[in-house]
Amino acid sequence: MDAADDLFTREDPIFANKELLEISHLPGEGRIVGRDDEISDLATAVNPAIFGQSPSNVLIYGKTGTGKSLCAKYVSKRLVSTASEEGVTATFAYVDCAQDTTETQAVQTIAEGVNNPEQTGINIPDKGLSTSTYYKRLWRILDQRYDVVLILLDEIDKLDDDAILMQLSRAGEAGKITDCKLGVVGISNKIQYKDRMDERVKSSLCEREFVFPPYDANQLREIMQARADAFHDDVLEPSTIPRAAALAAREHGDARKAIDILRYAGEIAQANGEPTVREEFVTQARERAETDRFRELIRGSTPHSRYVLQALALLSLSNGRQDGFRTSRVYEIYENICRQEGSDSLSLRRVRDLLKEHAFLDIIEQSKHSGGSAEGSYTKHQLLEDPSVVKEVLTEDDAET
Ligand SMILES: Nc1ncnc2c1ncn2[C@@H]1O[C@H](COP(=O)(O)OP(=O)(O)OP(=O)(O)O)[C@@H](O)[C@H]1O
């Protein structure tokens, strides 16, 4: 190659502003599609806060990528600004409980999030303090600085235990804080999370519950269309977004994955030196997005939750996909896996719950069958993801841990 030749491509022929397709990119004001009712329900629940009164505690459920975090943050921001217009000092703290799984980490994040050391004179070090000291400092900051605080606990089901929920829900009545009102917004994609909660915590934290449904094809199309500026003019063929929206709606209704599909389709066009992003690239892009989605879904899941999936993957690989496998059969293989792993197996009931959680997240599909008077009715479980992908991801994940 002649040194004068350009080794690098100076201009990207496909993407004009790829950042618009990053998941961290948040839609601008008024561009949250298809969530008006959910936003208004949430706003009603926390409304008393703008007058300095206690907001309701809320639990938001919904599958991944249904806009739960996005809407919770949006309503919280609007709440803070409206409260300020009413002369009420409010703020919110956001905790990603998948990162901060322990009580100490979570309370530290909240205290740090609401603190302003120059004003309070209180220092919140990253680590080194006891849990109770972090709490004491948090209560002092809250009473010193705020009338109302919302605490968003995203992926609340990943917390090690209910200890912090107990503290937050009882802070006022236990006299830990006297001037500040607290509201907790828990977010989860595990529909059965509430069943695991301590009864007292449950009754105080689940005052209002909302379920966010998956997006339909029209909503996904609008969500993607709003980011079409990521591409140069005329690069996106008109049928590409509708095709991606239809696929994503049929499979999961997950906005995050729909956006990923669009980005991958663009990358495929780029890698092949194609001038436009054609509809047919969507199929390939979808496969890549699916593997990513599955990888993310099982990241941080418990070993037993994986063993159950592994059991289903093994059954599918050795028997063909059939129309699913009965719970007893899955349990048998699951028990073998536990033995191999040197781990005590969970009860059949708990394994049924884990299977339900996987079904809720569209990793597996469950179907009810009637075996006639002799057998009664039973459930069959079928992987929705490709079993070899499941096996591969589970193995690579085990190698990492
Ligand atoms: N209604 C929407 N309008 C525009 N973009 C959206 C919408 N819903 C989701 N998105 C995009 O999808 C991303 C994922 O949404 P969000 O994090 O709110 O999902 P979630 O329901 O909290 O999912 P998870 O349970 O996986 O955390 C958002 O950051 C945003 O980029």
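Residues numbered from 1 in each chain as written. Predicted model: local features only at pLDDT ≥ 70, side-chain atom pairs only at ≥ 80, totals over all residues. Heavy atoms only, no water.

Caption draft 1: View of the overall build of the protein. Helix and strand counts for the protein come out as 16 helices and 8 strands. Put simply, the protein has 401 residues, and 47% of those count as buried. Nonlocal contacts in the protein, meaning residues at least 24 apart in sequence, comprise 74% of its contacts between residues at least 6 apart. Accessible surface computed for the protein: about 19700 Å², of which carbon and sulfur atoms make up 44%. Taking the average location of the 49 positive side-chain charges in the protein and that of its 69 negative ones, the two points are 5 Å from each other. (Helix = DSSP H or I, 4+ residues; strand = E, 2+ residues; numbered from the N terminus. Buried < 20%, exposed > 50% of the residue type's maximum accessible area, 1.4 Å probe, protein only. Contact = heavy atoms within 4.5 Å. Areas by Shrake-Rupley, 256 points an atom, 1.4 Å probe, with all protein chains shown as cover. Lys, Arg positive; Asp, Glu negative; His and termini not counted. Charge placed at Lys NZ, Arg CZ, Asp CG, Glu CD.)

Caption draft 2: Region of interest: the UniProt feature "domain: AAA+ ATPase" (unreviewed entry) in the protein. Here the UniProt-annotated "domain: AAA+ ATPase" (unreviewed entry) positions come out as residues 54–216. Taken as a whole, residues 54–216 contains 39% helix and 20% strand, while its terminal C-alpha atoms sit 35 Å from one another. (UniProt positions renumbered as here; feature names shortened; annotations may be inferred.)

Caption draft 3: Here's a closer look at the site of the ligand. In the neighbourhood of the ligand, 22 residues make up the surrounding shell, with Val33, Lys68, Ser69, Tyr215 and Arg256 lying closest. In this structure, Gly65 approaches the ligand through a main-chain N or O atom, which is 2.9 Å from an oxygen atom. Between the ligand and Leu70, the relevant distance is 2.9 Å, taken from an oxygen atom to a main-chain nitrogen or oxygen of the residue. Isolated, the ligand exposes 620 Å² of accessible area, and the fraction of that covered by the protein chains is 93%. Elements represented by at least two residues in the shell around the ligand include exactly helix 2 (68–85) and helix 10 (255–271). For the shell around the ligand, the residue count by class is 10 nonpolar, 7 polar and 5 charged. (Near = heavy atom within 4 Å. Polar contact = N/O pair within 3.5 Å; in protein donor to acceptor, adjacent residues only side chain to side chain. Nonpolar A, V, L, I, M, F, W, Y, C, P; charged D, E, K, R; others polar.)

Caption draft 4: Broad picture of the pairing of strand 8 (residues 377–383). Most of strand 8 is tucked away, with 6 of its 7 residues classed as buried. The sheet contact formed by strand 6 (residues 325–326) and strand 8 spans 2 bridges and is antiparallel. Its bridge partner being in strand 8, Phe325 is matched across the sheet by His381. One ladder, built from 7 bridges, connects strand 7 (residues 364–370) with strand 8; its direction is antiparallel. If you follow Ser370 over to strand 8, its bridge partner there is Ser377. (Pairing = 2+ DSSP bridges.)

Caption draft 5: Structural view of the packing of helix 12 (residues 303–319) against helix 13 (residues 327–341). Close contact between helix 12 and helix 13 brings their axes to 8 Å; oriented N to C, the two are set at 120 degrees. As the angle between them shows, helix 12 and helix 13 are arranged oblique. Both helix 12 and helix 13 take part in a crossing whose hand is right-handed. Here His304, Tyr307, Val308, Gln310, Ala311, Leu312, Leu314 and Leu315 of helix 12 come into contact with helix 13, specifically with Arg329, Val330, Ile333, Tyr334, Ile337, Cys338 and Glu341. Taken together, the residues of the contact of helix 12 with helix 13 break down into 11 nonpolar, 2 polar and 2 charged. (Axes fitted to C-alpha atoms, helices over the stretch in contact; angles between N-to-C directions. Parallel < 35°, antiparallel > 145°, perpendicular 65-115°, else oblique. Left-handed = near helix turned anticlockwise from the far one by under 90°.)

Caption draft 6: Representation of the sheet that holds strand 4 (residues 181–188). Here we have 5 strands laid out as an open sheet, ordered 2-3-4-1-5, and parallel in their pairing. The strands lining the two open edges of the sheet, one partner per strand, are strand 2 (90–96) and strand 5 (208–212). Pairs of neighbouring strands in the sheet enclose a mean axial angle of 15 degrees, with direction left out of account. In this sheet, strand 5 lies alongside strand 1 (residues 58–62) in parallel orientation, the contact comprising 5 bridges. Bridge assignment links Val58 to a residue of strand 5, and that residue is Arg208.

Caption draft 7: View of a positive patch on the surface. A cluster of basic residues, Arg349, Arg352, Lys356 and Lys368, forms a positive patch on the protein surface. Take the positive patch: its biggest share by element is 3 residues, from helix 14 (residues 348–360). For Lys356, the location among the structural elements is in helix 14. Given a relative accessible area of 42%, Lys356 falls into the partly exposed group. (Patch = residues over 30% accessible without salt bridge, like charges linked within 9 Å, V, L, I, M, F, W, Y side chains within 5 Å. Salt bridge = Lys/Arg side-chain N within 4 Å of Asp/Glu carboxyl O.)

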